[in-house]
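Overview (structure and organization)
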Amino acid sequence: YNFMHIFFNSIVLYFFGPIVERRVGTPAFAALFLGSGVIAGLAQVLATMALGGSTSVLGASGAIAALLGVLTVLNPNLRIYLYFILPMPLWVATLLFAAYSVFVSTFGGLGAGGVAQLAHLAGLGLGLAYGMYLKRQGAQAPQQLRIGGGGRGPGPGGRRRF
């Protein structure tokens, strides 16, 4: 597995995960993350099988893409820094991410480079759909990024204890 892929998934989870979790709550966040990861992985496997191939998936790329989708719908103009250097609105970064996954899967295959490109797209689609649902429910758009848990207490879930 590509170290850089894991690194960028981790960065997105670190910065965007707490924002989405604060909006939807810990139980819904866990369901979103696990559910979208499973569905995105199944989409990758089933599409590959339908094309006559076989594959397996391991990782959280689909779930990470879902978080990106939710946040993009809730605040498309949120300023992020691509590669910590290039400022851009979140919707542009999301569009570039989707375009890259489409391009690579079209010209290199669904699992090009050992990465489940279709899982990225399926997770992003799920996140966009869930973000639209939240927006219809009156979701407040997060206005800024905070590093990690945003100082709310121990761990990603803040002060909640299980």
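Below or above, wherever it landed, is the structure these notes cover. These figures come from a predicted structure and were not determined experimentally.

1. Observations regarding the overall build of the chain
Helix and strand content of the chain: 5 helices and 2 strands. Put simply, the chain runs from its N terminus to its C terminus through helices and strands in the order α-α-α-β-β-α-α. Buried positions account for 40% of the 162 residues belonging to the chain. Intrachain contacts of the chain at a sequence separation of at least 6 include 69% that bridge at least 24 residues.

2. Brief notes about the nonpolar core
Of all hydrophobic cores here, the largest spans 22 residues; its most connected members are Phe16, Val20, Leu71 and Leu90. Breaking this core down by element, the ones donating at least two residues are helix 1 (3-24), helix 2 (26-50), helix 3 (61-74) and helix 4 (90-108).

3. Regarding a nonpolar patch on the surface
Together, Phe3, Met4, Phe7, Phe8, Tyr83, Phe84, Ile85 and Leu86 make up a nonpolar patch on the protein surface, roughly 860 Å² of accessible area in all. Looking at which element gives the most residues to the nonpolar patch, the answer is helix 1, with 4 residues. Here Phe3 shows up in helix 1. Residue classification places Phe3 among the exposed positions, given a relative accessible area of 59%.

4. Side note on the environment of Met88
Looking at the secondary structure, you find Met88 in strand 2 (residues 86-89). Met88 sits in the buried class, given a relative accessible area of 11%. Between the C-alpha atoms of Met88 and Leu78, which are 10 residues apart in sequence, the distance is 8.2 Å. Not counting residues up to four positions away in its chain, the partners in contact with Met88 are Leu78, Arg79, Ile80, Leu82, Ala93 and Leu96.

5. Observations concerning helix 5 (residues 117-136)
In a regular helix each residue adds 1.5 Å, so 20 residues correspond to 28 Å; helix 5 covers 29 Å between its end C-alpha atoms and thus fits that length. Contacts made by the buried residues of helix 5 are with helix 1, helix 2, helix 3 and helix 4. A positive backbone phi angle near 90° is found at Gly138, which sits one or two residues after helix 5.

6. Observations regarding helix 4
Between its first and last C-alpha atoms helix 4 spans 26 Å; for 19 residues at 1.5 Å apiece the expected length is 27 Å, and the two agree. Looking at the buried positions of helix 4, the neighbouring elements they touch are helix 1, helix 3, strand 1 (79-82), strand 2 and helix 5. A positive phi of about 105° marks Gly109, the residue just after helix 4.

7. Comments concerning the packing of helix 3 against helix 5
Running from N to C, helix 3 and helix 5 cross one another at 35°; their axes reach a closest spacing of 6 Å. Handedness of the helix 3/helix 5 crossing: right-handed. Residues Ser61, Gly62, Ala65, Ala66, Gly69, Val70, Thr72, Val73 and Leu74 of helix 3 touch helix 5, and the partners they reach there are Ala119, His120, Gly123, Leu124, Gly127, Leu128, Tyr130, Gly131, Met132, Leu134 and Lys135. The residue inventory of the contact of helix 3 with helix 5, partitioned by class, reads 11 nonpolar, 8 polar and 1 charged.

8. As for unusual backbone geometry
Trans peptide bonds make up the majority, and among non-glycine residues the majority have a negative phi. If you check the backbone angles, Tyr83 has positive phi at about 55° while not being a glycine. Along the chain, Tyr83 falls in the loop between strand 1 and strand 2. For Tyr83, a relative accessible area of 54% puts it in the exposed group. Although it is not a glycine, Phe84 sits at a positive phi angle of roughly 65°. Note on placement: Phe84 falls in the loop between strand 1 and strand 2. Take Phe84: its relative accessible area is 52%, and that puts it in the exposed class.

Reading the values: rules and limits
Residues numbered from 1 in each chain as written. Predicted model: local features only at pLDDT ≥ 70, side-chain atom pairs only at ≥ 80, totals over all residues. Heavy atoms only, no water. Helix = DSSP H or I, 4+ residues; strand = E, 2+ residues; numbered from the N terminus. Buried < 20%, exposed > 50% of the residue type's maximum accessible area, 1.4 Å probe, protein only. Contact = heavy atoms within 4.5 Å. Core = buried A, V, L, I, M, F, W, Y, C linked by side-chain atoms within 4.5 Å. Patch = residues over 30% accessible without salt bridge, like charges linked within 9 Å, V, L, I, M, F, W, Y side chains within 5 Å. Areas by Shrake-Rupley, 256 points an atom, 1.4 Å probe, with all protein chains shown as cover. Salt bridge = Lys/Arg side-chain N within 4 Å of Asp/Glu carboxyl O. Expected span 1.5 Å × (residues − 1). Axes fitted to C-alpha atoms, helices over the stretch in contact; angles between N-to-C directions. Left-handed = near helix turned anticlockwise from the far one by under 90°. Nonpolar A, V, L, I, M, F, W, Y, C, P; charged D, E, K, R; others polar.

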